[in-house]
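# Commentary on secondary and tertiary structure
Each chain is listed here by its residues.
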Amino acid sequence: MRRKIKYHILICNGTKCNKVQQGVCYKKGAEDIISKFDKLIAKYGMADEVLVSSCGCFRNGITNKGPNMVIYPEGIWYSGVTVNDVEEIVEVHLKKGNIIERLLSD
Ligand code: FES
């Protein structure tokens, strides 16, 4: 049976169309951000409700604000995310359903 997730997080890992990881998000620590999400989601037993996916460059004009991510179902975009923000995103957004205003993309 396919699980029904509550949140799907797409995190840019800076891969360009030529498959080379050279984008802003990769250079600013996207791999560490993804790893921290994986670690905390496992720690809090949220793996059945939160799916974290890495993806290539979003190419929508926010690249230079990276690392960038989007959380569905709300479609909330966060930019300039650091590994130090991950715990707050888990606690505030994923656990309580509140948006973190200071990380919102313009
Ligand atoms: S490299 Fe991350 S959005 Fe472009």
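Our structure is the block above this text.
First, a word on what this report is: a plain description of the structure on this page. (Residues numbered from 1 in each chain as written. Predicted model: local features only at pLDDT ≥ 70, side-chain atom pairs only at ≥ 80, totals over all residues. Heavy atoms only, no water.)

Counting its regular elements, the protein chain contains three helices and four strands. Sequence-ordered secondary structure for the protein chain, helices as α and strands as β, is β-α-α-β-β-β-α. The C-alpha atoms of the protein chain give 13 Å as radius of gyration, which agrees with the globular expectation for 106 residues (13 Å, within 12%). Each principal axis of the C-alpha atoms in the protein chain carries an extent, and together these give about 35 × 35 × 20 Å. Within the protein chain, the proportion of its 106 residues that are buried is 38%. Considering only contacts within the protein chain whose residues lie at least 6 apart along the sequence, 60% involve residues at least 24 apart. Per element, the accessible surface of the protein chain, about 6100 Å² overall, is 49% carbon and sulfur. (Helix = DSSP H or I, 4+ residues; strand = E, 2+ residues; numbered from the N terminus. Rg over C-alpha atoms; globule rule 2.2 N^0.38 Å. Buried < 20%, exposed > 50% of the residue type's maximum accessible area, 1.4 Å probe, protein only. Contact = heavy atoms within 4.5 Å. Areas by Shrake-Rupley, 256 points an atom, 1.4 Å probe, with all protein chains shown as cover.)

Moving on: helix α3 (residues 86-94). Listed as buried for α3 are Val86, Ile89, Val90, His93 and Leu94. With its buried residues spanning 110° around the axis, α3 presents them on a single face. Contacts from the buried residues of α3 go to β1 (7-12), α2 (30-43), β2 (50-55), β3 (69-72) and β4 (76-78). (Arc of directions from axis to C-beta.)

To continue, consider the packing of aromatic side chains. Following the criterion strictly, the structure yields one aromatic pair and no others. In this structure, Lys95 packs its charged tip against the face of Tyr44, placed 3.5 Å from the ring centre. (Phe/Tyr/Trp six-rings, centres within 6.5 Å; stacked < 30°, edge-to-face > 60°. Lys NZ or Arg CZ within 6 Å of the ring centre and 35° of its normal.)

To continue, consider the packing of α2 against α3. At a minimum axis distance of 9 Å, the contact between α2 and α3 shows a crossing angle of 50°. For the element pair α2 / α3, the angle class is oblique. With respect to the hand of their crossing, α2 and α3 are arranged in right-handed fashion. Across from Ile33, Lys36, Phe37 and Leu40 in α2, the residues of α3 making contact are Val86, Glu87, Ile89, Val90 and Leu94. The residue makeup of the contact of α2 with α3, split by class, is seven nonpolar, no polar and two charged. (Axes fitted to C-alpha atoms, helices over the stretch in contact; angles between N-to-C directions. Parallel < 35°, antiparallel > 145°, perpendicular 65-115°, else oblique. Left-handed = near helix turned anticlockwise from the far one by under 90°. Nonpolar A, V, L, I, M, F, W, Y, C, P; charged D, E, K, R; others polar.)

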